[in-house]
Amino acid sequence: MTAEDTAPIREEERFDEDRVAAYLHEHLPDVVGGAEIEFRQFPGGKANLTYLARAGDTELVLRRPPLGETAPGAHDMHREHTVLSVLHRAYPEAPRAYLYCEDPSVMGKPFFVMERRTGHVIREEWPDDLPDTPGWRRELAGSVVDALADLHLVDYEELGLADLGRPDGFVARQVRGWTDRWRRAMTEDVPAMETLADRLADDVPEPQAAVLLHNDYKLDNVMVDADATVVAVFDWDMATLGDPLVDLGTAVAYWAGPGDVLYPLFGDQGHTLAPDMPASEVVERYAERTGFTVEHIAYYRAFAMFRIAVIVQQLHARWRRGETSDDRFAPLGAMVPPIAEVALDLG
């Protein structure tokens, strides 16, 4: 994130700045000192709300859940803080978290504070400061894949994260959980989503290992620099322990090229590295770096697309309920049926 990534805080997403500043001064005196704290917003994300807190020369990032009701287990700031408070020791791409506040009276909902990393998050527009050549983009694609592989090689037990999740039966529980989220967020019947949910529940592969999962790994959750290096990985609120192919399936599902159903999310409205490194090569590179088998990647890709369809619907439902004025969410509901149909075709 650079200074240009921030904006004045959207009116409906404001909070009591004096109260939050006082809380930071009380609980992080060695970090913020006695300087006055200024707040701005990082407006690019579509789920959790992320703010900049600037105290003199010190810049911190505050993250909290979105407005309105959230699905059970989603937007878990305590989980994100738990992971980031230790993961930076073994995984340099993880920003360090300093503080978690569970008291919703301070900021409206629980939040945590982490260090700020600088670089570029690629969303709707390709950053002007980054090279835009096939060779450079291919190098970046390799870095993004390698960062995921390296995460899965972290010894999470050594970091004290063995209680973060229950790997046994993880995927089956995930399918049930995301099916429940779908039914909570749906605003109209989509038969393909129901068929897909049933198929995923019936065909869960046997897991090959348990790793620390990011659980939402995609291009706009990483920060990169001009050397085609991943300098940070963000959005750890769904991190857990489970089958590594869950993360790989997510990465491949979002690795959309022209003609893919998800291309409008990361193609003509944003950017994708698919033209520079096809999804098949992503899978091969990951397998070579980790040693994991990728035999059932089609299942995990279909599951990832199911999850994406649910997330898209949740965002659209927030807009329909008037919980956000962000008009980017208005057309998202129409994307759900075609995503489900393509996922069903994966087998």
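To keep things clear, this report deals only with the structure shown in the data block.

Conventions used here
- Residues numbered from 1 in each chain as written.
- Predicted model: local features only at pLDDT ≥ 70, side-chain atom pairs only at ≥ 80, totals over all residues.
- Heavy atoms only, no water.
- Helix = DSSP H or I, 4+ residues; strand = E, 2+ residues; numbered from the N terminus.
- Rg over C-alpha atoms; globule rule 2.2 N^0.38 Å.
- Buried < 20%, exposed > 50% of the residue type's maximum accessible area, 1.4 Å probe, protein only.
- Contact = heavy atoms within 4.5 Å.
- Areas by Shrake-Rupley, 256 points an atom, 1.4 Å probe, with all protein chains shown as cover.
- Lys, Arg positive; Asp, Glu negative; His and termini not counted.
- Charge placed at Lys NZ, Arg CZ, Asp CG, Glu CD.
- Salt bridge = Lys/Arg side-chain N within 4 Å of Asp/Glu carboxyl O.
- Phe/Tyr/Trp six-rings, centres within 6.5 Å; stacked < 30°, edge-to-face > 60°.
- Lys NZ or Arg CZ within 6 Å of the ring centre and 35° of its normal.
- Axes fitted to C-alpha atoms, helices over the stretch in contact; angles between N-to-C directions.
- Parallel < 35°, antiparallel > 145°, perpendicular 65-115°, else oblique.
- Left-handed = near helix turned anticlockwise from the far one by under 90°.
- Nonpolar A, V, L, I, M, F, W, Y, C, P; charged D, E, K, R; others polar.
- Arc of directions from axis to C-beta.

### Notes on the overall build of the chain
- Across its full length, the chain holds twelve helices and nine strands.
- In terms of overall size, the chain behaves like a compact globule, its C-alpha atoms giving a radius of gyration of 20 Å where 347 residues would be expected to give roughly 20 Å.
- Of all 347 residues assigned to the chain, the portion counted as buried reaches 55%.
- The contacts in the chain between residues at least 6 apart in sequence include a share of 72% that link residues at least 24 apart.
- Within the structure as shown, the chain displays about 14,900 Å² of accessible surface, and the carbon and sulfur contribution to it stands at 46%.
- Looking at charge distribution, the chain has the averaged site of its 33 positive side-chain charges lying 3 Å from that of its 62 negative ones.

### Details of the pattern of salt bridges
- Tallied over the entire structure, the rule returns 21 salt bridges.
- Residue E59 is joined to R116 by a salt bridge in which the shortest nitrogen-to-oxygen separation is 2.3 Å. One end of the pair, E59, is in strand β3 (residues 58-64); the other, R116, is in the loop between β5 (111-115) and α5 (134-152), with 57 residues separating them in the sequence.
- R116 sits in the buried class, given a relative accessible area of 13%.
- Between R289 and D146 there is a salt bridge, with the nearest N and O atoms lying 3.5 Å from each other. Taken together, the residues span a long stretch of sequence, with R289 in helix α10 (residues 279-290) and D146 in helix α5 at a distance of 143 residues.
- Note on R289: relative accessible area 38%, which makes it partly exposed.
- Residue classification places D146 among the buried residues on the basis of a relative accessible area of 13%.

### So, the packing of aromatic side chains
- Under the definition given, this model contains seven aromatic pairs.
- Ring centres of F15 and F39 lie 5.2 Å apart, and the angle between their planes is 85°; this geometry places the pair in the edge-to-face category. Within this pair, whereas F15 is found in the segment before α1 (17-27), its partner F39 is found in strand β1 (residues 37-42), the two being separated by 24 residues in sequence. Assigned by exposure class, F15 and F39 land together as buried.
- Ring geometry for Y299 and Y300: centres 5.4 Å apart, planes at 80°, overall edge-to-face.
- Of the residues examined, Y300 reaches a relative accessible area of 2% and is grouped as buried.
- Clustering of aromatic rings is evident, with ring pairs tying together F15, F39 and Y51.
- For the cation-ring pair, R181 lies above W178, with the distance from its terminal atom to the ring centre recorded as 4.2 Å.
- Positioned above the aromatic ring of Y254 is the side chain of K218, whose terminal nitrogen or guanidinium carbon lies 5.2 Å from the ring centre.

### Some points on the packing of helix α7 (residues 191-202) against helix α11 (residues 297-320)
- Their axes nearest at 11 Å, the elements α7 and α11 cross at an angle of 140°. Taken together, α7 and α11 sit at an angle that is classed as oblique. Considering how the two elements wind past one another, α7 and α11 form a crossing that is left-handed. Contact residues: M193, L196, A197 and L200 in α7; Y299, A302, F303, F306, A309 and V310 in α11.
- Here the contact of α7 with α11 is composed, by residue class, of ten nonpolar, no polar and no charged.

### Some remarks on the packing of α5 against helix α8 (residues 244-254)
- Two numbers describe how α5 lies on α8: the axes approach to 10 Å, and their chain directions differ by 165°. Taken together, the axes of α5 and α8 lie roughly antiparallel to each other. Crossing hand, α5 versus α8: right-handed. Here L148, L151 and H152 of α5 come into contact with α8, specifically with P244, D247, L248 and A251.
- Residues belonging to the contact of α5 with α8 are distributed by class as follows: five nonpolar, one polar and one charged.

### Looking at unusual backbone geometry
- In this structure, N215 is a non-glycine residue whose phi angle is positive, near 80°.
- On the secondary structure map, N215 appears in the loop between β6 (211-213) and β7 (222-224).
- One non-glycine residue, A228, lies in positive phi territory at about 60°.
- For A228, a relative accessible area of 1% gives the class buried.

### Topic: the environment of P264
- Along the chain, P264 falls in helix α9 (residues 263-266).
- As for P264 and H27, which are separated by 237 residues in sequence, their C-alpha atoms are 43 Å apart.

### A short note on helix α12 (residues 336-345)
- Along α12, the positions that sit buried rather than exposed are V336, I339, A340, A343 and L344. All buried residues of α12 lie within an arc of 135° about the axis, which places them on one face of the element.
- Where α12 is buried, its residues touch α6 (170-185), α7 and α11.
- Just downstream of α12 lies G347, where phi reads positive at about 105°.

Functional significance is not addressed by these values, which are geometric in nature.
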